[in-house]
Amino acid sequence: MADSSLNNMTSLARALSQPTLNLTEVTDVFSPRNSLRHSCRRRKLSSCNSLECDESATSPSAAEARVLVLNTGGTIGMTLHNKVLAPKANAFVKGLRKLPILHDELYAQQTGLYQYYGSENSLVLPLSKGYKRIVYTVIEYNPLLDSSNMTTDDWGRIGKDIEKNYESYDGFVILHGTDTMAYTASALSFMCEHLGKPIILTGSQVPIYEMRNDGRDNLLGALLIAGQFVIPEVCLYFYNKLYRGNRVTKVDAGSFNAFSSPNLAPLAVAEVDITINWDTVWRANTTAKFQVSTELNRNVGLLRLFPGITAATMRAFLQPPMEGVVLETYGSGNAPDNRPDLLEELKKATDSDVIIINCTQCLRGTVAASYATGKVLMDAGLIAGGDMTPEAALSKLSYVLAKKDISFDAKKKLMARNLRGEMISDVAGAKLCLSDNRFIQVIAKALSISCKEELEAIRDALAPPLACASAKIGDIEALEALKEMGTNMCLSDYDGRTPLHIAACEGHLKLVEYLLSHGATVYAKDRYGDTPLSNAVRFRHKEVVKLLRKTGAHFSRDELDEAGTELCSLAASGDLEGLEIWKLAGADLNKPGYNGQTALQLAHAVGKKEVVAFLVQLMSKKATSGVIEFSATPTGS
Ligand SMILES: NC(=O)C[C@H](N)C(=O)O
């Protein structure tokens, strides 16, 4: 342990002493801007000169973020009908337009927002404290549902809508009734595989149309987080807190503070500032592309143990077609060990391939094999559900049991494993404590710092530039050391540049792979609005482009807007390699440039025959997952 810390220190020291490690240089790797590119991006933002649209709102090209809102129903949009609350169709967006905290009509008009986004359901928040404009589009479901009416089919529809729109938005907000919100949030957390963007469920206890209501704050908070932070999780936002979706349960029907996450601290709190608890945020750790698995097994159920339950009740519940059961047991996962009749029913069910998960009825705590009354359940073949909520355990069963391509044993193993942060993992507790880290200790001593909060503050201040510096020279060991300190690989330097941006510029494929497997996000945008993908394209790192594409990276809307002009300039200069890499990165070669001409038309007009031939060949090939199936040597003319 001491040795490896010392090694890590050595490699960090090495990173720090590299002559190439001038931090200004590192972060300036991509600073020079092409003014044409940037003026193309700005819609009509620069013509906006009202007091509402101050300079900071209009000058940086990365100032707008897009969020898709799926309105499924719930109290937030309900009105009274015959003295009871029920959803009201086609009223929500109209209502929002009248609320200045949720829509800035002047900005929308002056920047041509409606024409640009082409939707009457597009709205825009006032400028955020972080100088972002969050433009959001609302899709209203028909019918709108009280969440008590939700089924697994509705979960599938939400999942598919997110999948369909994934590349066009920075984040997603799902408006949902509170009654079954914890179930939907849990289910979506499993259904959304390799998620890289925030999906935030919210709703309210009082309709947004009423004078005193919690809907406005909840919606505003969810939008601000979804538009400003790359939290790659299905979350639930309520009463100023952002929770991991599969950790929550509804605990209060009469309070604005309706949800609790008993076994996991909130991912963020929205107080004077929005503070993200990055140490807790789940990291994607994948190089695979986002997809939604809508296959769910409905033969699952929840059974709450109670004193005096009969064997007949147990038997009836475990009958086919039941395939998976969450047994809500007492305390730390206990059941009577003096009831052989019950234990026999459980054993018979597990022997006939019913998966039974042992979850506690307690709000807080975990299942542990500390009592004889708990051990009998393990002996009967139950799987320990750790500290999972019953909602998470049930939806996980439904998701895992529906998997077609894996064996029954593999399904049991998946149920025991932490898949999306829904339970304490095997390595829980192994998280490195900052005070163990020699590197931080040395700094702390030098600065006479002793308390944990101060140490964390130092780590958070030092880590981003150090990680970018390590990325610049391709030093995985140094990154490893930083990771051991608890550094979040998504943190950016003062230019908004993450280690992944830098590694993509440098073409360090192995390091890009490392970062992607350790929590880096492909959707990070620097202060110029550039993504790691556009950096890799600019510096012609083909393999990095392929890997980023495979992981789901795509050009941002702004980058796509200017692709035509960039392609024309490559065509004009006969830059075949440049054209190929843009195609690899997913650009549409038919996109016209600023004067309406496509790259092909331009090459033709200026007599670049080899470019014409190359483009024709390129356009006939399919670029799937960043691979174009042809050789780069152009043929014919
Ligand atoms: N507050 C709410 O949203 C409760 C409502 N019954 C629902 O779940 O849709």
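Nothing here was measured: the structure is a model prediction, and the numbers come from that model.

(A) Region of interest: the overall build of the protein chain. Check the secondary structure of the protein chain and you find 27 helices and 21 strands. Here the protein chain, with 637 residues, has 54% of them falling under the buried criterion. As displayed, the protein chain offers around 27,300 Å² of accessible surface, 53% of which is attributable to carbon and sulfur atoms.

(B) Focus on unusual backbone geometry. Following Asn142, the chain continues into Pro143 via a peptide bond in cis, with omega recorded as 0°. With respect to the helices and strands, Pro143 occurs in strand E5 (residues 133-145). Along the chain, Pro320 connects to Pro321 via a cis peptide bond; the corresponding omega equals 10°. Relative to the assigned elements, Pro321 resides in the loop between helix H11 (311-318) and strand E17 (324-329). In this structure, Asn82 takes a positive phi of about 45° despite not being glycine. In this fold, Asn82 is placed in the loop between strand E2 (78-81) and strand E3 (84-87).

(C) Main features of the UniProt feature "repeat: ANK" (unreviewed entry) in the protein chain. Under the UniProt annotation, the feature "repeat: ANK" (unreviewed entry) is placed at residues 495-527 and 528-560. In residues 495-527, helix accounts for 52% and strand for 0%; the two terminal C-alpha atoms are 6 Å from one another. Overall, residues 528-560 shows 61% helix and 0% strand. The separation of its end C-alpha atoms is 14 Å.

(D) Expanded view of the pairing of strand E10 (residues 241-244). Note that strand E9 (residues 234-238) and E10 share four bridges and pair antiparallel. Within E10, the residue paired with Tyr237 across the bridge is Leu242. Turn length for the E9-E10 hairpin, with the two strands adjacent in sequence and antiparallel, is two residues, and the turn residue Tyr239 shows positive phi of about 50°.

(E) Region of interest: the sheet that holds E5. Overall, mixed pairing links the nine strands, which are arranged E4-E5-E1-E6-E8-E9-E10-E13-E14 in an open sheet. Each of the sheet's edge strands pairs with one partner strand only, and the pair in question is strand E4 (122-124) and strand E14 (274-276). Across the sheet, the axes of successive neighbouring strands diverge by a mean angle of 25°, strand direction being ignored. Examined bridge by bridge, E4 and E5 share three bridges and lie antiparallel to one another. By the bridge assignment for E5, Val124 is matched with Val135. Across the sheet, helix H8 (residues 152-165) lies against strand E1 (64-73), E5, strand E6 (171-175) and strand E8 (199-202), angled at about 150° from E5, the strand it touches most. Across the sheet, helix H10 (residues 215-228) touches E1, E5, E6, E8, E9, E10 and E14, and the angle it forms with E6 is around 160°.

(F) Spatial organisation of the site of the ligand. For the ligand, the full set of nearby residues is Gly74, Thr75, Met78, Asp146, Ser147, Gly177, Thr178, Asp179, Ser204 and Gln205. The contact in question runs from a nitrogen atom of the ligand to an N or O atom on the side chain of Asp146, over 3.0 Å. Ser204 is positioned such that a nitrogen or oxygen atom in its backbone is 2.9 Å from a nitrogen atom of the ligand. Split into classes, the residues belonging to the shell around the ligand amount to one nonpolar, seven polar and two charged.

(G) Inspection of the sheet that holds strand E19 (residues 383-384) at higher detail. Judged by pairing direction, the sheet is parallel, and its four strands sit side by side in the order E16-E17-E18-E19 without closing on themselves. Each edge of the open sheet carries a strand with a single partner, namely strand E16 (300-304) and E19. Pairing analysis gives two bridges linking strand E18 (residues 355-360) to E19, with the strands arranged parallel. From the neighbouring strand, Ile357 faces E19, where its bridge partner is Ile383.

Calculation criteria
- Residues numbered from 1 in each chain as written.
- Predicted model: local features only at pLDDT ≥ 70, side-chain atom pairs only at ≥ 80, totals over all residues.
- Heavy atoms only, no water.
- Helix = DSSP H or I, 4+ residues; strand = E, 2+ residues; numbered from the N terminus.
- Buried < 20%, exposed > 50% of the residue type's maximum accessible area, 1.4 Å probe, protein only.
- Areas by Shrake-Rupley, 256 points an atom, 1.4 Å probe, with all protein chains shown as cover.
- UniProt positions renumbered as here; feature names shortened; annotations may be inferred.
- Pairing = 2+ DSSP bridges.
- Axes fitted to C-alpha atoms, helices over the stretch in contact; angles between N-to-C directions.
- Contact = heavy atoms within 4.5 Å.
- Near = heavy atom within 4 Å.
- Polar contact = N/O pair within 3.5 Å; in protein donor to acceptor, adjacent residues only side chain to side chain.
- Nonpolar A, V, L, I, M, F, W, Y, C, P; charged D, E, K, R; others polar.

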